[in-house]
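# Descriptive structure summary
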Amino acid sequence: MMVKDWIRLIQARKWMKKTGAFLPAWHAYLGYSLDLFDLFHKPACPGCIARLYNLDETLLRRWIEVGLTLGHLEPKGNGKVKSKKAYRRYLSKNSPYSIGILLEEMLELHIPALLDYPSLINQNSKAPYLEKEYGGTVAQTSELLESYAFPKIAERIKKRKAGSLLDMGCGYGGYLKRIYNQYPRMRLIGIEINPNVYQEAYTRLKHTAVEVRHEDMMAVEENDRRMEMIMMNNVLYYFPRESRPSLFEKAADMMTAKGTLLVISPLSNAKHGKAFSAAFNSFLSVHHNLFPLPSIKELKEDSKTSGFKIKRMDPVVKEGGWYLIELQKQ
Ligand SMILES: C[S@@+](CC[C@H](N)C(=O)[O-])C[C@H]1O[C@@H](n2cnc3c(N)ncnc32)[C@H](O)[C@@H]1O
């Protein structure tokens, strides 16, 4: 063999190994998506499960074969298999510990968008982000961040002794619910544009004093400068850079003097999470209705005209480049 052929072989092996890392994610995603880990909660034969749930037996057997080699499933004799406990716990639809929705977002939304790059770059075009289809998924994955970020938010509320808070783009209202549980006397308002997401937030919060509104945060009429705190969590990428100053102005109009604006967002070019934010930006840039993440410098510039000053910035999830940025109206 020629040296060139050896080099190509080594490189091919290297890249095969790299792409092999995709297999566990695919297997876990499929298991979550069809609730297969749950179907194999006790030893069962693939043929029986395929017949019982009307699934393609050959494809189910392929999923099992991969799962056995990856150690997601275990053989139980007589051709029967069982899912491992951890996979049922974290990847079953009904498990309270389930994180499967994150895999659904990655594999149904992010990876396909990244795979669209060749044609989109060549055609000089962008795809739409299907808000209607994926709004619920995104609201659910955003919730995963809550447990990390909430203690930091609660600390700011306590420190500022805030009596009112408005959540712009509240998703399913998870932050508001947690705040309400801790501070039931606060005036709490959530604004959500997606009708299905709003409906779910409304249902989840209807037995609380939290007010949820189905509105566009850019059009909201609450210009009485009475809110002491406003949050904008994971929403900046819904707005192009040029409209972010108006968004901050909107917040300033609704806020008391010296009011606090809390922003949770992955940042581009920050100290932490550069790889993640670069990948996230790649996903965002495929869509004509989503926009690149801000850098801290841009955030500073865009909020400055409405009188905001950055007071503090803490990482929430370092590897994701997620920060909680506290701004104060001057
Ligand atoms: C990624 S989710 C984040 C939800 C929540 N803030 C969190 O961090 O968990 C962003 C939410 O903002 C909503 N949203 C986007 N643009 C909006 C607008 N112009 N007015 C109100 N809500 C909006 C989306 O529908 C979505 O539910």
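We now turn to the structure provided with this report.

Rules behind the numbers
- Residues numbered from 1 in each chain as written.
- Predicted model: local features only at pLDDT ≥ 70, side-chain atom pairs only at ≥ 80, totals over all residues.
- Heavy atoms only, no water.
- Helix = DSSP H or I, 4+ residues; strand = E, 2+ residues; numbered from the N terminus.
- Buried < 20%, exposed > 50% of the residue type's maximum accessible area, 1.4 Å probe, protein only.
- Contact = heavy atoms within 4.5 Å.
- Areas by Shrake-Rupley, 256 points an atom, 1.4 Å probe, with all protein chains shown as cover.
- Lys, Arg positive; Asp, Glu negative; His and termini not counted.
- Charge placed at Lys NZ, Arg CZ, Asp CG, Glu CD.
- Expected span 1.5 Å × (residues − 1).
- Bend = angle between axes of the 7 residues up to and from the residue.
- Near = heavy atom within 4 Å.
- Polar contact = N/O pair within 3.5 Å; in protein donor to acceptor, adjacent residues only side chain to side chain.

### Quick notes on the overall build of the protein chain
- Looking only at helices and strands, one finds 14 helices and nine strands in the protein chain.
- Here the protein chain, with 330 residues, has 46% of them falling under the buried criterion.
- Considering only intrachain contacts with a sequence separation of at least 6, the fraction spanning at least 24 residues in the protein chain is 67%.
- Summing over all exposed atoms, the protein chain offers an accessible surface of approximately 17,700 Å²; the carbon and sulfur share of this is 56%.
- Side-chain charges of the protein chain comprise 49 positive and 35 negative groups, with the mean position of each set lying 8 Å from the other.

### Overview of helix H7 (residues 100–115)
- Compared with an ideal rise of 1.5 Å per residue, which puts 16 residues at 22 Å, H7 spans 21 Å between its outermost C-alpha atoms and is within 8% of the ideal.
- Taking the largest bend as the criterion, H7 deviates by roughly 30 degrees, centred on Met106.
- Buried within H7 we find Gly100, Ile101, Leu103, Glu104, Glu105, Leu107, Leu109, His110 and Ala113.
- Each element contacted by the buried residues of H7 is listed here: helix H2 (22–33), helix H6 (85–91), helix H8 (117–123), helix H9 (131–160) and helix H13 (274–285).

### Some thoughts on the site of the ligand
- As a structural note, the neighbourhood of the ligand is formed by 20 residues, with Gly169, Glu192, Asp216, Met217 and Asn233 the closest of them.
- Glu131 places a side-chain nitrogen or oxygen 3.4 Å from an oxygen atom of the ligand.
- Here a nitrogen atom of the ligand and a backbone polar atom of Met217 are 2.8 Å apart.
- Protein chains shield 96% of the accessible area of the ligand, which is 600 Å² for the free molecule.

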